[in-house]
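# A look at the structure
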Amino acid sequence: MSSPLVITGMGMVSPLGCGVNASWERLLAGRSGVSSITRFETGDLPIKVAGSVPGMESDPEAGFDPDRVADAKERRKMELFSLYAMAAAEEALTQANWFPSSDEDRLATATIVGSGIGGFPTITQAQDTLTTRGHRRLSPFTVPAFLANLAAGNVSIRYGLRGPLGCPVTACAAGVQAIGDGMRLIRSGEAEVALVGGAEACIDPLSLASFHAMKALSTEQEAPAKASRPFDQARNGFVMGEGAGLLVIETLAHAEARGATPLAFLSGYGTSADAHHITAGPEDGAGAAAAIRAALRMAGLAPEAIDHINAHATSTPVGDRAEIASLRNAFGDALPGIPISATKSATGHLLGAAGGVESIFSALAAIQDRLPPTLNLEHPDADLSDLNFVSGEAREHRCQHVLCNGFGFGGVNAALIVSKV
């Protein structure tokens, strides 16, 4: 029997702060990372709030300091999503104590960092430069900055990780799929260690306007912390978030051989396609349920063995309903007994980075037997009265196995099961 897969390092940059511990403790305390947009003037755009990563000026304790990630010369070549990935990578690799120096170890280390959009602000700024100042004023680093795979590329270059390099660009499932891709690479023998997860930073006027045109974003203005409210009757769209969540994963045998501490097992993974609609899943949730069942099969678990669900739950009426349909489809009568959290209520929706961040939250729930609260869930939809939502405040609860979901436009579904060591 092959050695089980384990997490040995975790790194995070989120709207709740920089660092896994800061983000997790603030999440458990019921703090929100959603605030009014100050990065640019929103003008007549109805979208006024976002889950922005705090800077040092507003959060001296856990704010993001780009100077600690890269010097000014390096930063001219990178978009913000790459900088977030670099910060999360340093934290994850440090915890795992994995800084390979031999050719053998470097070739055995994969780097898979998903992103839904990549360097979108660089594209919009470059178009503005082209229009107003001409092509000669474009930076030669425009393309390397916006390419979605450059988060993985920049991390790989910095640490000399020469194994497989990848970037699922699968919308909001990208972070979970990156973890699944890394699991496969280790299982196939193409890598022994993988740095996996997602990075995103596209809080930008054009991206916000585009999602608003789809009627997908919350138009809350007066109370930013109340804007993201998954499963609540008053929800009116998701909140754009940003950040990065990365994991170091390897087999238990490899971790033990080098003296690393296994934090949690990666027990199961599944992915599927709805083959239904570009933005909405089928009403019965069959596609997402197929991914969940595949994860359960890989883990060798019955549905009732799951102790907690970190739902994808973006806070859109269509998306939330489709996910609940998929959970009822996959879990049947077992679902009402399983506590459900929706951590996007505190962070907003990090698109391609969501799965990386939320898989870490799921791992911590299993490690610590603490379930994060769903903020703003005051009046759940009437047909959800039988379900066990973790709302209001964190909950102590024995967790052996936790399910983390990620679903994206195009009908892509991914599910991950993280388990206690």
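Thresholds applied
- Residues numbered from 1 in each chain as written.
- Predicted model: local features only at pLDDT ≥ 70, side-chain atom pairs only at ≥ 80, totals over all residues.
- Heavy atoms only, no water.
- Salt bridge = Lys/Arg side-chain N within 4 Å of Asp/Glu carboxyl O.
- Phe/Tyr/Trp six-rings, centres within 6.5 Å; stacked < 30°, edge-to-face > 60°.
- Helix = DSSP H or I, 4+ residues; strand = E, 2+ residues; numbered from the N terminus.
- Buried < 20%, exposed > 50% of the residue type's maximum accessible area, 1.4 Å probe, protein only.
- Expected span 1.5 Å × (residues − 1).
- Contact = heavy atoms within 4.5 Å.
- Polar contact = N/O pair within 3.5 Å; in protein donor to acceptor, adjacent residues only side chain to side chain.

## Things to note about the pattern of salt bridges
Under the counting rule described, the total for this entry stands at 18 salt bridges. Between Arg 258 and Glu 250 there is a salt bridge, with the nearest N and O atoms lying 2.8 Å from each other. Salt bridges sharing common partners tie together Lys 226, Arg 229, Asp 232 and Glu 378.

## Some words on the packing of aromatic side chains
Applying the stated criterion across every chain, the model contains six aromatic pairs. A centroid spacing of 5.9 Å and a plane angle of 45° characterise the contact between Phe 99 and Tyr 159, whose relative ring orientation is tilted. With a gap of 60 residues between them, Phe 99 in the loop between helix H4 (80–96) and helix H5 (103–107) and Tyr 159 in helix H8 (residues 150–159) connect regions that are remote in the sequence. Considering the side-chain rings of Phe 211 and Phe 238, the 5.4 Å spacing of their centres and the 80° angle between planes classify their relative orientation as edge-to-face. Residue Phe 211 is located in helix H10 (residues 205–213), and its partner Phe 238 is located in the loop between H10 and strand E8 (243–251); the two are separated by 27 residues in the primary sequence. For Phe 211, a relative accessible area of 13% puts it in the buried group. Every member of this aromatic cluster is reached through a ring pair, and the members are Phe 211, Phe 238 and Phe 409.

## Looking at helix H6 (residues 120–133)
Taking 1.5 Å of rise per residue, 14 residues should cover 20 Å, and H6 covers 20 Å from first to last C-alpha, within 8% of that figure. Those residues of H6 that sit buried are Phe 120, Pro 121, Thr 122, Thr 124, Ala 126 and Thr 129. In this structure, the buried residues of H6 make contact with helix H7 (142–146) and H10.

## So, the side chain of Ser 14
Looking at the element boundaries, Ser 14 is found in strand E1 (residues 5–14). Within the structure, the side chain of Ser 14 is placed 3.0 Å from the backbone nitrogen of Leu 16, a separation counted as a polar contact. Those residues in contact with Ser 14, other than ones at most four positions away along the chain, are Ser 23, Val 53, Pro 54 and Glu 242.

Nothing here speaks to function; it is geometry throughout.
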